[in-house]
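What follows is each chain in one-letter form.
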Amino acid sequence: MTTPEAGQSQAPRPEERLEQAVRAAEQALIEYEIAVETFRVEVENFARLHEQRLGPLYTRIEELDAEIAEAKAARTGDPEDIRRAAEARAQVMPIPGVEELLHGWMDGDGLFPEAVAMLTDQPVRPPQRVRPSEEARKLYRELARKAHPDLAQEEAERKRREEFLSRVNAAYARGDEALLRELAEEWAAGPVPPERRPSPAEELYARLEWLAQRKELLTLVARELEDGAIAGMLRLAPDDPDGLLDEIADRLRADIAQREAELAALLGQD
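Residues numbered from 1 in each chain as written. Predicted model: local features only at pLDDT ≥ 70, side-chain atom pairs only at ≥ 80, totals over all residues. Heavy atoms only, no water.

### Notes on the pattern of salt bridges
Thought 1: The full count for this structure, using the stated rule, is 25 salt bridges.
Thought 2: In this structure, E260 and R60 form a salt bridge, with 3.2 Å as the shortest nitrogen-oxygen distance. Residue E260 is found in helix 11 (residues 241-268), and its partner R60 is found in helix 2 (residues 16-76); the two are separated by 200 residues along the sequence.
Thought 3: For E260, a relative accessible area of 36% gives the class partly exposed.
Thought 4: Between E163 and R167 there is a salt bridge, with its nearest N and O atoms 3.9 Å apart. Here R167 and E163 lie together in helix 7 (residues 155-173), a separation of 4 residues that amounts to about one turn.
Thought 5: What makes R167 partly exposed here is its relative accessible area of 32%.
Thought 6: Linked by salt bridges that have partners in common, E80, D81, R83, R84 and E87 make up one network. (Salt bridge = Lys/Arg side-chain N within 4 Å of Asp/Glu carboxyl O. Helix = DSSP H or I, 4+ residues; strand = E, 2+ residues; numbered from the N terminus. Buried < 20%, exposed > 50% of the residue type's maximum accessible area, 1.4 Å probe, protein only.)

Encoded structure:
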């Protein structure tokens with residue numbers, strides 16, 4: 001004899017369908033990441049091969065263009081021809097010591113103000129000397145006494161105090177009285193209470209949102225790769241990219257031969 005409980009099918013958990021959606025999205029994202037990474041490797045490898053096989057040919061063409069321009073300028077003496085020759089030679093010559101020249105002069109936001117001043121013959125302003133106000137000193141002393149890590153009993157509290165005091169020290173070094181006041185208010189308010197742990201459903205929704213954002217980021221990466229010149233070349237000959245490189249190399253060699261003949265004719269007129 002079966003009990004009513006045994007005859008009833010077990011009701012699914014509320015999060016079960018959501019879990020299935022998350023698993024499916026995770027698997028789809030993995031497959032998409034593999035596809036994007038495969039394409040990226042293909043593009044990078046073709047770009048490397050392109051540089052190895054065609055780079056010397058492009059360099060030879062640039063050198064010949066510079067020599068032709070210089071030969072014309074030497075023959076005519078025209079200022080415009082001389083200018084063009086200098087520009088063509090500049091395209092070939094590397095800039096010496098670039099890293100050494102810019103080291104310490106610029107960061108991700110560009111040249112430092114001191115470097116700009118030097119390059120534009122403006123007087124370089126010395127670094128501003130900070131002398132904290134009496135109020136800033138008072139705030140600093142009070143915070144240092146209250147938040148000193150040695151007053152902590154537990155390791156977690158000690159680390160919290162060390163991190164907080166490092167912010168206090170940085171504000172005091174800049175003489176930032178307003179920030180010191182904010183830090184004093186923050187300390188008086190006490191540590192931030194631990195956040196409420198999300199429910200299983202909230203965690204699943206958050207995971208889905210992250211997966212969607214990751215998919216969007218990968219889409220942008222793939223689009224950037226597809227819009228690049230190397231990917232465009234790959235699309236011209238997806239089944240035989242090496243053959244495409246051979247074809248381009250043949251055209252470049254023909255251009256080189258034409259320029260060499262032009263240069264020889266210019267030099268032979270002397």
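Structure shown, so let's carry the discussion forward.
### A word on the nonpolar core
Thought 1: The biggest cluster of nonpolar side chains holds 22 residues, and the ones touching the most others in it are V43, F46, L54, L57, M233, I248 and L252.
Thought 2: Put simply, the parts of the chain that give this core at least two residues each are helix 2, helix 10 (229-236) and helix 11.
Thought 3: Excluding residues that lie within four positions of it along the chain, V43 makes contacts with L225, I230, A231 and L234.
Thought 4: Of all hydrophobic cores here, the second largest spans 11 residues; its members include L165, A171, L180 and L183. (Core = buried A, V, L, I, M, F, W, Y, C linked by side-chain atoms within 4.5 Å. Contact = heavy atoms within 4.5 Å.)

### Here we look at a nonpolar patch on the surface
Thought 1: Taken together, the side chains of L217, L220 and V221 present a nonpolar region at the surface, about 230 Å² in accessible area.
Thought 2: Assignment of secondary structure puts V221 in helix 9 (residues 200-227).
Thought 3: Judged by its relative accessible area of 33%, V221 falls in the partly exposed class. (Patch = residues over 30% accessible without salt bridge, like charges linked within 9 Å, V, L, I, M, F, W, Y side chains within 5 Å. Areas by Shrake-Rupley, 256 points an atom, 1.4 Å probe, with all protein chains shown as cover.)

### Observations concerning the packing of helix 2 against helix 3 (residues 79-92)
Two numbers describe a pair of packed helices, the interaxial angle and the distance between the axes.
Thought 1: Here helix 2 crosses helix 3 at 160°, and the two axes come no closer than 8 Å. Taken together, helix 2 and helix 3 sit at an angle that is classed as roughly antiparallel. Considering how the two elements wind past one another, helix 2 and helix 3 form a crossing that is left-handed. Contacts from E62, E63, D65, A66, E67, A69, E70, K72, A73 and T76 in helix 2 reach D81, I82, R84, A85, A88, R89, Q91 and V92 in helix 3.
Thought 2: Class assignment for the residues of the contact of helix 2 with helix 3 results in 7 nonpolar, 2 polar and 9 charged. (Axes fitted to C-alpha atoms, helices over the stretch in contact; angles between N-to-C directions. Parallel < 35°, antiparallel > 145°, perpendicular 65-115°, else oblique. Left-handed = near helix turned anticlockwise from the far one by under 90°. Nonpolar A, V, L, I, M, F, W, Y, C, P; charged D, E, K, R; others polar.)

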